[in-house]
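Okay, here's what each chain looks like letter by letter:
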Amino acid sequence: MFLFSACFSHTHDSNVSCDITMDNEYIIKWDIFPKAEGKVKIYVSDSPDNFDTWQDPISVVDADDGVAVFPTPDPLKRHYFLLDFNNCFSRIVAARASYIRSAYDFRDMGGYSGISGKKTKWGMIYRTGPLDTLSAIDIQRIKNIAPKTIIEYRDKDECKYSASELGVENVVYMPYVSFDVDSVINRVYQGDFTSQDARAVINDYYFSALTGEAKQCFSKLFDVLQDEANFPIILSSHYGKGCSDLASLFILYSLGVAVDEVYEDYTWANKYFCKGRIMSKISHLPTDVREAVASVIHNNHRDIANVINALEGTYGSIDGYMIDSLNLSLDKRKRIHQILLVDESQL
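For the structure given in this document, a descriptive report is provided here.

1. Overview of empty space enclosed by the protein
Item 1. Taken as a whole and assessed by the stated rule, the structure comprises 4 cavities of 30 Å³ or more.
Item 2. In this structure, the largest cavity occupies an estimated 70 Å³ of space.
Item 3. As for the largest cavity, its lining consists of M109, G110, T120, K121, M124, I125, I251, L252, L255 and L340.
Item 4. In this structure, the second largest cavity encloses a volume near 40 Å³.
Item 5. Contributing elements (two or more residues each) for the lining of the second largest cavity: α5 (243-254) and α6 (259-267).
Item 6. In terms of residues, the lining of the second largest cavity owes the most to one element, α5, which gives 4 residues.

2. Quick look at the pattern of salt bridges
Item 1. The full count for this structure, using the stated rule, is 13 salt bridges.
Item 2. Among the ionic pairs, R91 bridges to E344, the shortest N-O distance being 4.0 Å. With a gap of 253 residues between them, R91 in strand β7 (residues 89-94) and E344 in the segment after β14 (341-342) connect regions that are remote in the sequence. Each member of the pair, R91 as well as E344, is classed as buried.

3. Points about the environment of Q226
Item 1. As for its position among the elements, Q226 is in the loop between α4 (215-225) and β13 (233-236).
Item 2. For Q226, a relative accessible area of 21% gives the class partly exposed.
Item 3. Sequence separation between Q226 and K332 is 106 residues, and the spatial gap between their C-alpha atoms is 6.3 Å.
Item 4. Apart from the residues lying within four places of it in its own chain, the contact partners of Q226 are K332, R335, I336 and I339.
Item 5. In this structure the side chain of Q226 is engaged in a polar contact, spanning 2.3 Å, whose partner is the side chain of R335.

4. Re the environment of H238
Item 1. Considering the arrangement of structural elements, one finds H238 in the loop between β13 and α5.
Item 2. For H238, a relative accessible area of 32% gives the class partly exposed.
Item 3. C-alpha separation for the pair H238 and E158, spaced 80 residues apart in sequence, amounts to 9.9 Å.
Item 4. With sequence-adjacent residues up to four places away left out, H238 is seen in contact with P130, Y153, R154 and E158.

Rules used in this analysis
Residues numbered from 1 in each chain as written. Predicted model: local features only at pLDDT ≥ 70, side-chain atom pairs only at ≥ 80, totals over all residues. Heavy atoms only, no water. 1 Å grid on protein atoms, 1.4 Å probe; cavity = no way out; pocket = protein on both sides within 12 Å on 5 of 7 lines; lining within 4 Å. Points joined across faces, edges and corners; volume = space filled by probe spheres on them. Helix = DSSP H or I, 4+ residues; strand = E, 2+ residues; numbered from the N terminus. Salt bridge = Lys/Arg side-chain N within 4 Å of Asp/Glu carboxyl O. Buried < 20%, exposed > 50% of the residue type's maximum accessible area, 1.4 Å probe, protein only. Contact = heavy atoms within 4.5 Å. Polar contact = N/O pair within 3.5 Å; in protein donor to acceptor, adjacent residues only side chain to side chain.

Here's what the structure looks like:
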């Protein structure tokens, strides 16, 4: 057996990623710093908390390869992978997106780097657009991840799906709309909507959600997160944007995730959000109007950066805002850390 040149987890850094193709093939990639020779054993499980390393791994490859490709063991189930780097250190990874294909931007919030080198746990919080148009296959896939709670940022009357059909008993409704959607749509179809208007709509939405009664939505969010019995949780909203973006911002910040990964989470939607359906409805409108609509659909990290800067300017930090306005106490945060963070060096 080859051994890494320095077989201690604290001497090596690693980046690991996982994607699943439309043909249901997993592609796992990794980089090791500094470069090291040896073998990578890959184990698969339906749960990120339970890997049977006594059984044969699904794949064994050279560390220098940096990639492994193999078909999914079961296309109806979500899979997690444990990468054992020559018995020196391990990493857990899963495909962030593309598992649920009939919902806008369904993705897992696991795998981000939090405080003290810990990672956000896979399979605990998912964020998505409306669950109203799920295919029969995706309904079964969601049932297989066994969510306990849906946090829904729409009115109950807007939601056309059956929570019980998804195997979910607890739906927490936190509806919030900060602007007249119909008015914006009318302006678009009348050709009276510019890129400047688009930026104003986005900024007004986010900033109004940080004050007044809207704050109660995010304060209530942390009440839900501190109870382990509520997990796994799905965050659902209009197109997976708006309140879901702000909820993700606060969740990740509360776990100590760095701002560059917060931006990554915010802009991830651009990879998988299908804007063609929306843009096809306005294909007859002037180019500047179509560009303005496209800028609303596209998640630009500057939008969430403006939110962060505004909160830091007013409260001194995001933490200051969450403590003062969202009632995120130290004890509550500790409980959430215990639930949502994992130390992979102890695997």
